[in-house]
Amino acid sequence: MNIISIKNLSYKYENTKALENINLNIKNDDFLAIIGPNGGGKSTLLKLILGVLKLQKGTLENSLKNYEMGYVPQNTNLNMDFPITALEVVLMGHKISHKKLFGYSKEDISCAINSLKQVGMEDFADKKIGDLSGGQRQRVFIARALCTNPKVLFLDEPTASIDVKGQQEIYKLLKDLSKFIAIVVVSHDLSVLLNYAKSVAHVNRTLVYHELDDVIKNVDIENGHLCEVELLTALGKTQICCNHEH
């Protein structure tokens with residue numbers, strides 16, 4: 001079932017076209033990877049879906065309420081020297097109370113702890129966020145997004161500045177979460193495609209969509225259109241520099 005449907009969407013900044021004639025459906029059980037070059041429009045598309053930017057042309061049908069869309073930004077504006085615990089960070093994402101930390105109810109705290117359990121961080125609830133590793137902090141930020149019980153989770157470069165082991169752990173976590181909610185990941189790490197994602201959208205002003213199972217079965221390298229996904233699958237590699245333009 002489609003929870004978000006985009007048709008003939010175009011967007012421009014002054015006289016510069018950022019997106020042109022975008023069509024995309026996001027399903028309730030999706031694990032969608034959005035890839036493409038820097039400046040290709042990935043972030044613009046994400047902001048339009050989240051409602052940060054207003055539509056200019058085309059339609060975007062969204063059956064979800066705002067709190068049903070969890071979001072983990074690429075750069076979380078949080079001072080790592082500030083004495084705040086992992087639990088307090090997660091409570092900041094709670095959709096109901098929006099109270100000061102000392103005013104949260106037992107139910108609020110229970111919800112936050114449950115979110116930490118979902119990402120395997122309940123034992124670190126009282127740890128200061130600055131004392132955690134990059135991968136652990138990212139898990140906490142994912143828990144904060146999960147605190148609203150979203151139906152889809154959007155993540156912008158979730159493994160940036162995390163070591164390889166931490167990257168694998170984050171993607172494994174997202175795959176586990178995708179059993180219950182839709183996952184949409186903006187990423188330059190193409191290893192996510194073969195190992196975790198169900199579908200991929202290459203965005204470079206226009207959008208090319210692939211169901212990964214279909215790509216694996218029908219790799220065609222002689223039709224003049226061989227994008228990263230087809231090349232990656234054909235060669236059986238786990239990573240490739242994402243700089244090819246359609």
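Since this is a predicted model, take the numbers as computed values, not measurements.

Student: How should I be thinking about the sheet that holds strand E3 (residues 31-35) in this particular structure?
Tutor: Working definition: the strands of a sheet are paired by backbone hydrogen bonds and lie parallel or antiparallel to each other. Taken together, the 6 strands give an open sheet; going across it, the order is E5-E6-E7-E3-E8-E9, and neighbouring strands pair in mixed fashion. The open sheet has two edge strands with one neighbour each: strand E5 (69-72) and strand E9 (206-211). Averaged over neighbouring strand pairs, the angle between their axes works out to 15° when direction is ignored. When E5 meets strand E6 (residues 152-156), the two strands line up parallel, connected through 4 bridges. Bridged to Gly70 within E6 is Leu153. The strands that helix H1 (residues 42-50) touches are E3, E5, E6, strand E7 (182-186), strand E8 (199-204) and E9; relative to E6, the one it contacts most, it runs at about 150°. Docked against the sheet, helix H4 (residues 134-146) engages E5 and E6, running at close to 160° with respect to E5.

Student: Explain the nonpolar core here, please?
Tutor: In summary, soluble globular proteins display a tendency toward joint burial of nonpolar side chains. Counting 43 residues, the largest nonpolar core has Val140, Ile142, Leu153, Leu174 and Ile183 as the members making the most contacts within it. For this core, the elements supplying multiple residues, two or more each, are E3, helix H2 (86-91), helix H3 (106-118), H4, E6, helix H5 (164-177) and E7. Per-element accounting of this core gives the leading share, 6 residues, to H4. The residues touching Leu174, leaving out its near neighbours within four places in the chain, are Phe31, Ile142, Leu153, Leu155, Ile183 and Val185. Residues Ile3, Ile6, Ile34 and Ala201 belong to the second largest nonpolar core, which totals 28 residues.

Definitions and limits used
- Residues numbered from 1 in each chain as written.
- Predicted model: local features only at pLDDT ≥ 70, side-chain atom pairs only at ≥ 80, totals over all residues.
- Heavy atoms only, no water.
- Pairing = 2+ DSSP bridges.
- Helix = DSSP H or I, 4+ residues; strand = E, 2+ residues; numbered from the N terminus.
- Axes fitted to C-alpha atoms, helices over the stretch in contact; angles between N-to-C directions.
- Contact = heavy atoms within 4.5 Å.
- Core = buried A, V, L, I, M, F, W, Y, C linked by side-chain atoms within 4.5 Å.
- Buried < 20%, exposed > 50% of the residue type's maximum accessible area, 1.4 Å probe, protein only.

Scope: geometric values only; no functional claims are made or implied.
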